[in-house]
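What follows is each chain in one-letter form.
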Amino acid sequence: MIDSHWRPVLALLLIALLALSGCTERTDPMIELSGPTMGTYYSVKIARPPEGLSAETLEPELIRVLDGVIAEISTYDPTSELSRLNANPSTDWIPVSQNLLTVIAEGQRIAELTNGAYDVTIGPLVNLWGFGPEHRPDRLPSEAEIQAARERVGYQKLELRDSPPAVRKARGDLYIDLSSLGEGYGADRIVDWLESRGVTDYMVAIAGAIRAKGLNAKDQPWGIAIEQPLPDRRAVHRVIPVSGHALSTSGDYRNFFEKDGKRYSHEIDPMTGTPVDRQLGSVTVIGDVGMVVDGLATALMVLGEERGPALAEVQGIAAYFIVRESEDFRGIASPALQTYLDTAVQASSAALTNTER
């Protein structure tokens with residue numbers, strides 16, 4: 001799940017925009033917590049926490065929420081609800097929780113949107129290439145093995161029922177992998193808990209999936225630095241303000257392996273059954289829901305540097321693409337992202353003006 005595909009935004013550097021000169025730094029308390037989860041990490045920052053909320057009271061609640069996500073959608077935990085669903089050979093309706101159905105349904109929606117370039121049933125191929133719970137093989141898969149795995153893949157082989165919530169598999173050996181939605185889903189769940197406690201200024205990250213709202217401790221919008229897609233070092237490409245939104249980045253430069261001088265990314269194309277091999281280094285998507293932008297970032301990454309921007313433009317997706325060009329990088333902002341950035345700059349200027357008064 002989240003475990004296998006940790007995003008290149010281990011890649012994202014979580015930073016707050018610096019206050020401009022003339023601003024007085026706030027001395028309000030700041031809660032900062034981080035730790036391991038789902039095979040990656042979580043980070044939570046809260047500015048001006050409500051009375052009664054402290055790091056000591058918050059940490060066990062965060063762990064409880066995250067453990068609950070793992071129990072629902074992890075493929076690494078054999079006792080999780082998703083693992084039990086994958087192990088169930090039945091082709092009849094299988095009852096599932098509303099939470100699990102919601103995540104799978106979002107995956108199916110993105111699959112329809114991309115004509116199958118994104119597919120939550122890609123698990124057999126993920127495992128075959130060594131990016132799942134199983135150990136990575138010491139050789140590349142054969143064409144016959146790839147074809148056999150592809151026969152088990154296809155979002156059309158999965159049917160959902162809303163009431164009562166249930167899933168029906170066309171093949172008993174269908175294997176669902178929700179890795180590309182899990183980090184965003186986890187961030188959403190943490191945000192739900194924080195807001196239920198009256199938290200208004202926060203930044204939540206699970207690897208590359210981010211949710212932020214309000215202002216940081218310096219009364220500035222929360223900002224995320226997007227890295228250049230470099231496998232051997234870290235360098236900031238640009239900073240994007242994200243207050244009031246969700247952000248997720250997917251790329252090919254962190255989770256990969258090399259064989260015979262060729263790099264194989266964890267981003268796998270369901271149509272070919274092989275890792276994507278394009279000039280597109282990363283895709284960042286901004287929206288309202290962590291789970292949604294998480295899945296869309298993966299989908300656009302698989303589509304590549306031509307089909308990805310085209311789909312983002314048609315569908316009004318706020319996306320930023322970083323394409324490799326010789327020794328440099330070229331950024332492509334979708335029209336929706338450019339509109340978002342223009343609006344964010346205006347909002348930041350307004351926040352700064354209000355602070356200086």
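Description of the structure in this document.

Rules behind the numbers
Residues numbered from 1 in each chain as written. Predicted model: local features only at pLDDT ≥ 70, side-chain atom pairs only at ≥ 80, totals over all residues. Heavy atoms only, no water. Phe/Tyr/Trp six-rings, centres within 6.5 Å; stacked < 30°, edge-to-face > 60°. Lys NZ or Arg CZ within 6 Å of the ring centre and 35° of its normal. Pairing = 2+ DSSP bridges. Helix = DSSP H or I, 4+ residues; strand = E, 2+ residues; numbered from the N terminus. Axes fitted to C-alpha atoms, helices over the stretch in contact; angles between N-to-C directions. Contact = heavy atoms within 4.5 Å. Salt bridge = Lys/Arg side-chain N within 4 Å of Asp/Glu carboxyl O. Parallel < 35°, antiparallel > 145°, perpendicular 65-115°, else oblique. Nonpolar A, V, L, I, M, F, W, Y, C, P; charged D, E, K, R; others polar. Expected span 1.5 Å × (residues − 1). Buried < 20%, exposed > 50% of the residue type's maximum accessible area, 1.4 Å probe, protein only. Polar contact = N/O pair within 3.5 Å; in protein donor to acceptor, adjacent residues only side chain to side chain.

**Details of the packing of aromatic side chains**
Right, on to step 1. Scanning all chains against the criterion turns up zero aromatic pairs.
Right, on to step 2. Seen from the ring of W93, R161 lies directly overhead, with NZ or CZ sitting 4.9 Å from the centre.
Right, on to step 3. Note that R238 overlies the ring of Y320, its terminal NZ or CZ placed 5.1 Å from the centroid.

**Looking at the sheet that holds strand 8 (residues 209-213)**
Right, on to step 1. With respect to topology, eight strands assemble into an open sheet ordered 2-3-7-8-11-16-17-18, the strand pairing being antiparallel. Looking at which strands have only one partner, the edges of the open sheet turn out to be strand 2 (30-37) and strand 18 (328-333). Strand-to-strand twist of the sheet, defined as the mean angle between neighbouring strand axes without regard to direction, takes the value 10°.
Right, on to step 2. Bridge count for strand 16 (residues 280-287) against strand 17 (residues 318-325) is six bridges, and the pairing is antiparallel. Bridge pairing links V283 to F321 in strand 17.
Right, on to step 3. Sitting on the sheet, helix 6 (residues 179-196) is in contact with strand 3 (40-47), strand 7 (202-206) and strand 8, with an inclination near 150° to strand 7.
Right, on to step 4. Contacts from helix 7 (residues 290-315) reach strand 8, strand 11 (245-251), strand 16 and strand 17 within the one sheet, and its direction differs from that of strand 16 by about 130°.

**Section: the pattern of salt bridges**
Right, on to step 1. What the rule picks out here adds up to eleven salt bridges.
Right, on to step 2. Of the charged contacts in the structure, one is a salt bridge between D201 and R48, with a shortest N-O distance of 3.7 Å. Linking D201 in the loop between helix 6 and strand 7 with R48 in the loop between strand 3 and helix 1 (55-73), this pair joins segments that are 153 residues apart in sequence.
Right, on to step 3. In this structure, a network of salt bridges that share partners links the residues R48, D201 and D219.

**Focus: the pairing of strand 6 (residues 166-169)**
Right, on to step 1. In this sheet, strand 6 lies alongside strand 4 (residues 94-95) in antiparallel orientation, the contact comprising two bridges. Bridge assignment links I94 to a residue of strand 6, and that residue is V167.
Right, on to step 2. Sheet analysis places strand 5 (residues 158-161) next to strand 6, joined by four bridges and oriented antiparallel. Bridge pairing in strand 6 places E159 opposite R168.
Right, on to step 3. Connecting the antiparallel pair strand 5 and strand 6 is a turn made up of four residues.

**A closer look at the packing of helix 3 (residues 98-113) against helix 7**
Right, on to step 1. Where helix 3 meets helix 7, the axes come as close as 10 Å, and the angle between the chain directions of the two elements is 0°. Viewed along their axes, helix 3 and helix 7 adopt a mutual orientation that is roughly parallel. Counting all contacts with helix 3, which are made through T102, V103, E106, R109, I110 and L113, the residues of helix 7 involved are M291, V292, G295, L296, A299, L311 and Q315.
Right, on to step 2. By residue class, the composition of the contact of helix 3 with helix 7 is eight nonpolar, three polar and two charged.

**Some words on helix 3**
Right, on to step 1. Taking 1.5 Å as the rise per residue, helix 3 with 16 residues should run 22 Å; its terminal C-alpha atoms sit 22 Å apart, in good agreement.
Right, on to step 2. All of the buried residues along helix 3 are L100, L101, V103, I104, E106, G107, Q108, I110 and A111.
Right, on to step 3. In this fold, the buried residues of helix 3 make contact with helix 1, helix 2 (81-87), strand 5, strand 6, helix 6 and helix 7.
Right, on to step 4. Phi turns positive, to about 55°, at N115, one or two residues after helix 3.

**Some thoughts on helix 6**
Right, on to step 1. In a regular helix each residue adds 1.5 Å, so 18 residues correspond to 26 Å; helix 6 covers 26 Å between its end C-alpha atoms and thus fits that length.
Right, on to step 2. Taken across its 18 residues, helix 6 has 14 buried, putting it largely inside the fold.

**Looking at the side chain of T121**
Right, on to step 1. Checked against the element boundaries, T121 lands in the loop between helix 3 and helix 4 (123-128).
Right, on to step 2. T121 gets classed as buried once you look at its relative accessible area, which sits at 0%.
Right, on to step 3. Looking at T121, its side chain comes within polar contact range of the main-chain nitrogen of G154, at 2.7 Å.
Right, on to step 4. Sequence-distant contacts of T121, defined by excluding residues within four places in its chain, comprise R152, V153, G154, Y155, L158, L174, Y175 and I176.

**Points about the sheet that holds strand 5**
Right, on to step 1. The sheet built from three strands is open, its strands ordered 4-6-5 with antiparallel pairing. The open sheet has two free edges, formed respectively by strand 4 and strand 5, since each of these has just one partner strand.

**Re the pairing of strand 18**
Right, on to step 1. Direction of pairing for strand 17 relative to strand 18: antiparallel, over a ladder of six bridges. When the bridges of strand 18 are listed, I322 appears paired with G331.

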